[in-house]
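Structural overview for review
Now for the letters of each chain:
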Amino acid sequence: FCLSRGLGDVYKRQYIITSKPDEISKEIMDKLDRGVTGIHGKGMYSGQDKLLLYCVVGRKEIVALKELVDHIDPDAFVIVSDVREVHGEGFIERK
């Protein structure tokens, strides 16, 4: 199914760059019941390999997600942006 953003439905995507990807992804999956995708990347300034975490949550979950990340890794770099559409498991189908 496809979920399009309507007036009341706003979804957010987060890219999380952290030195603690396993801890953060486990907490997101356990506490927020959301999936997380790990994308291999490389910091071009540092030259270090990193695992970039990618996750989509509802607007009401964004504060909890940011607090969770801040608690585990205060130095994490988090990018949050709006999502126009969501396809897949874990989102309520609109009628």
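Report on the accompanying structure. (Residues numbered from 1 in each chain as written. Predicted model: local features only at pLDDT ≥ 70, side-chain atom pairs only at ≥ 80, totals over all residues. Heavy atoms only, no water.)

Some details on helix H2 (residues 62–72)
Structural remark: α-helix, 3.6 residues per turn; residues separated by three or four positions point the same way. Three or more residues of H2 are buried, namely Ile-62, Leu-65, Leu-68, Val-69 and Ile-72. Considered in projection along H2, the buried side chains sweep an arc of 125° and stay on one side of the axis. H2 presents Glu-67 and His-71 as exposed residues on the side facing more than 90 degrees away from its buried surface. Close packing links the buried residues of H2 with strand S2 (11–17), helix H1 (21–32), strand S4 (49–58) and strand S5 (77–83). (Buried < 20%, exposed > 50% of the residue type's maximum accessible area, 1.4 Å probe, protein only. Helix = DSSP H or I, 4+ residues; strand = E, 2+ residues; numbered from the N terminus. Arc of directions from axis to C-beta. Contact = heavy atoms within 4.5 Å.)

A few points about the nonpolar core
Within the largest apolar cluster, 13 residues are counted, with the highest numbers of intra-cluster contacts made by Ile-16, Ile-24, Ile-28, Leu-65, Leu-68 and Val-69. Secondary structure elements with two or more residues in this core: H1, S4 and H2. Counting residues per element, this core draws most heavily on H2, which supplies five residues. Aside from chain neighbours lying at most four places away, what touches Leu-68 is Ile-24, Glu-27, Ile-28 and Lys-31. (Core = buried A, V, L, I, M, F, W, Y, C linked by side-chain atoms within 4.5 Å.)

Observations concerning the sheet that holds S5
Taking strand neighbours across the sheet as the criterion, the four strands line up as S3-S4-S2-S5 in an open arrangement whose pairing is antiparallel. At either margin of the open sheet sits one strand with a lone partner, and together these are strand S3 (37–42) and S5. Each strand axis lies, on average, 25° off the axis of its neighbour in the sheet, ignoring direction. Bridging between S3 and S4 involves six bridges; their strand directions are antiparallel. (Pairing = 2+ DSSP bridges. Axes fitted to C-alpha atoms, helices over the stretch in contact; angles between N-to-C directions.)

Focus on the pattern of salt bridges
Think of it this way: side chains of opposite charge can pair up when their charged atoms draw near. Scanning all chains against the criterion turns up four salt bridges. Between Asp-30 and Lys-26 there is a salt bridge, with its nearest N and O atoms 2.5 Å apart. One end of the pair is Asp-30 and the other is Lys-26, both in helix H1 and four residues apart, which spans about a single turn. Among the residues examined, Lys-26 registers a relative accessible area of 48% and is labelled partly exposed. (Salt bridge = Lys/Arg side-chain N within 4 Å of Asp/Glu carboxyl O.)

Some remarks on the packing of H1 against H2
Taken N-terminus to C-terminus, the directions of H1 and H2 make an angle of 145°; their axes are 10 Å apart at the nearest point. The hand of the H1/H2 crossing is right-handed. For the pair H1 and H2, contact is made by Glu-23, Ile-24, Glu-27, Ile-28, Lys-31 and Leu-32 and by Ala-64, Leu-65, Leu-68, Val-69 and Ile-72, respectively. Of the residues that constitute the contact of H1 with H2, the class distribution is eight nonpolar, no polar and three charged. (Left-handed = near helix turned anticlockwise from the far one by under 90°. Nonpolar A, V, L, I, M, F, W, Y, C, P; charged D, E, K, R; others polar.)

Let's talk about the packing of aromatic side chains
Tallied over the entire structure, the rule returns one aromatic pair. With 5.0 Å between their ring centres and 50° between their planes, Tyr-15 and Tyr-54 make a pair best called tilted. Here the residue Tyr-15 occupies a position in strand S2, and Tyr-54 occupies one in strand S4, the gap between them amounting to 39 residues. (Phe/Tyr/Trp six-rings, centres within 6.5 Å; stacked < 30°, edge-to-face > 60°.)

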